[in-house]
Amino acid sequence: MAEQRLRVLVFGAHPDDCDFTAGGVAALYARQGHQVLFISVTNGDAGHHEVGGARLAQRRRAEATAAGAMIGIRYELLDIHDGELLPTLENRRRMIELIRTFRPDLIMSPRPNDYHPDHRYTAQLIQDAAYMVTVPNAVAFSKHLSVDPVIVYVSDTFKRPYPFTPDLVVAIDDVVEQKVDLLDCHISQVYEWLPYNGRYLDQVPTGPAARRVWLRQYMDARMRRDADRYRDLLIARYGEQAGRAVRYAEAFEGCEYGAPLTEQNIGRLFPF
Ligand SMILES: [Zn+2]
C-alpha cells in the first residue's frame, strides 16, 4: 500500500469550501489509506453576521479540525483574512512552499471564474504556483519538485467565460453521509452564517440531531446536481446500469497548467 499511497491536496478559500466540493472523494481516499490534506487559504474570519475577527477564526479552525478528524484527514487554515486574499508575490511564494512541502500527486482547486474574490484568487495563486514549483530558482531554499502534480478544478455552476466541463465524475453514494457529517461540523456556517446570508435562517431547527436531519435534506439536491447533469460521464465510468443508478457525485475538470490529466492518470489518481 505504501508505494501506491496517493497524496491529495485540496484547496479552498474558506474553511468549509473543500468539504462542499470534495468532501465525498476525500472520504473515499481516506478510506483507502491515501493521504488527503484540506487547506483553507483564508482563516474564515469574515464568515459570520454576529462574531468576527480572531474569535471567529479560532472557532472556524476548531470546526475544520473536527471535520478533518471525522474522516481521518488533516485540515489546515492559513492565517490570511477572509475577504482580503490577493494574488500577491508573497502569497505565491507561500503557495509554492506549501505545495513543495506536501508533494501532492493531485491538487484540487476552484476555478478562477467565481463570484467570490477569495475563490478567484485562490485559483489564481494555484495557477501562478503550478509551473513555478518545478523551478529551482523560485523560492530557492525549498526543494523544487521534479514533476508537476496533476491539477483539477472542482465543480461549480458559473457559465462565463465558459461553463465547468468535467473530465471525470465520481460517485459518492457510499460516503454521502460522511460528506454531510463533514459539513455538520461547520456549525458557524451551515447552521448560522449561510442561512443568515441566504435568508433562510428561520428554516434551521435548533438542536444537533434535528439540524443534522435538516442539513441532509437541504444538501440533497446540491449533492445530486453533478450526478444528474453529467450522467453520460457516470455511465462512461461505471457502465450503463451502475452509471444510471448513481445518485450523488463530485465532478472534476483537468487544469492544463498541471501535469496532463490522461486516462492513465485518471485511473491512478481516482482509484474508486
Ligand atoms: Zn468559500
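Residues numbered from 1 in each chain as written. Predicted model: local features only at pLDDT ≥ 70, side-chain atom pairs only at ≥ 80, totals over all residues. Heavy atoms only, no water.

Draft legend 1. Highlighting the packing of aromatic side chains. In the structure shown here, the tally under the stated rule is 11 aromatic pairs. Aromatic side chains Tyr 200 and Tyr 218 sit 4.9 Å apart centroid to centroid with 25° between the ring planes, which places their arrangement in the stacked category. Highlighted residues: Tyr 200 in the loop between α6 (187-197) and α7 (208-229) and Tyr 218 in helix α7, separated in sequence by 18 residues. We classify Tyr 200 as buried; its relative accessible area is 13%. For Tyr 218, a relative accessible area of 38% translates into the label partly exposed. Through pairs of rings, three or more aromatic residues link up here, namely Tyr 29, Phe 252, Phe 270 and Phe 272. The ring of Tyr 162 has Arg 111 lying over it, and the distance from NZ or CZ to the ring centre is 4.9 Å. (Phe/Tyr/Trp six-rings, centres within 6.5 Å; stacked < 30°, edge-to-face > 60°. Helix = DSSP H or I, 4+ residues; strand = E, 2+ residues; numbered from the N terminus. Buried < 20%, exposed > 50% of the residue type's maximum accessible area, 1.4 Å probe, protein only. Lys NZ or Arg CZ within 6 Å of the ring centre and 35° of its normal.)

Draft legend 2. Region of interest: the packing of α6 against α7. It is at 12 Å that the axes of α6 and α7 come closest, and there the two elements cross at 80°. Taken together, the axis directions place α6 and α7 in an arrangement best described as roughly perpendicular. Here Ile 187, Val 190 and Tyr 191 of α6 lie close against α7, whose contacting residues are Arg 211, Arg 212, Trp 214 and Leu 215. (Axes fitted to C-alpha atoms, helices over the stretch in contact; angles between N-to-C directions. Parallel < 35°, antiparallel > 145°, perpendicular 65-115°, else oblique. Contact = heavy atoms within 4.5 Å.)

Draft legend 3. How the structure looks around the coordination of the zinc ion. Taken together, His 14 (ND1), Asp 17 (OD), Asp 17 (OD) and His 119 (NE2) make up the protein donors of the zinc ion, found 2.1 to 2.4 Å from the metal. Around the zinc ion, the 4 donor atoms are arranged such that angles at the metal cover 55 to 125°; this shape is classified as irregular. Sequence positions of the donors to the zinc ion reduce to the motif H-x2-D-x101-H. The pair His 14 / Asp 17 is uniform in exposure class, with both members buried. (Donors = N, O, S within 2.8 Å, 3.2 Å for Na, K, Ca; no water. Tetrahedral: all angles 85-135°; square planar, octahedral: opposite > 155°, others 65-115°.)

Draft legend 4. Structural view of the nonpolar core. Residues Tyr 29, Leu 106, Met 108, Phe 252 and Phe 270 are the most contacted members of the largest nonpolar core, which totals 48 residues. Aside from chain neighbours lying at most four places away, what touches Tyr 29 is Leu 6, Val 8, His 34, Val 36, Leu 106, Met 108, Leu 269, Phe 270, Pro 271 and Phe 272. (Core = buried A, V, L, I, M, F, W, Y, C linked by side-chain atoms within 4.5 Å.)

Draft legend 5. Examining helix α8 (residues 231-238) more closely. Every buried residue of α8 is listed here: Arg 231, Leu 234 and Ile 235. Down the axis of α8, the buried set is contained in an arc of 100°. They therefore lie on one face. For α8, the exposed residues set more than 90 degrees away from the buried face come down to Asp 232 and Ala 236. Looking at the buried side of α8, the elements it contacts are β6 (168-171), α7, α9 (240-245) and β7 (249-254). Of the residues trailing α8, Gly 239 is marked for its positive phi of about 95°. (Arc of directions from axis to C-beta.)

Draft legend 6. Examining the packing of helix α2 (residues 53-71) against helix α5 (residues 176-185) more closely. Contact pair α2 / α5: the axes reach a minimum separation of 8 Å and the direction vectors enclose 160°. As judged from the angle between their axes, α2 and α5 are roughly antiparallel. Between α2 and α5 lies a crossing whose hand is right-handed. Mapping the contact onto sequence places Glu 63, Ala 66, Ala 67, Met 70 and Ile 71 in α2 and Gln 178, Asp 181, Leu 182 and Cys 185 in α5. Per-class residue counts for the contact of α2 with α5 are 6 nonpolar, 1 polar and 2 charged. (Left-handed = near helix turned anticlockwise from the far one by under 90°. Nonpolar A, V, L, I, M, F, W, Y, C, P; charged D, E, K, R; others polar.)

The analysis is restricted to geometry; functional conclusions fall outside its scope.
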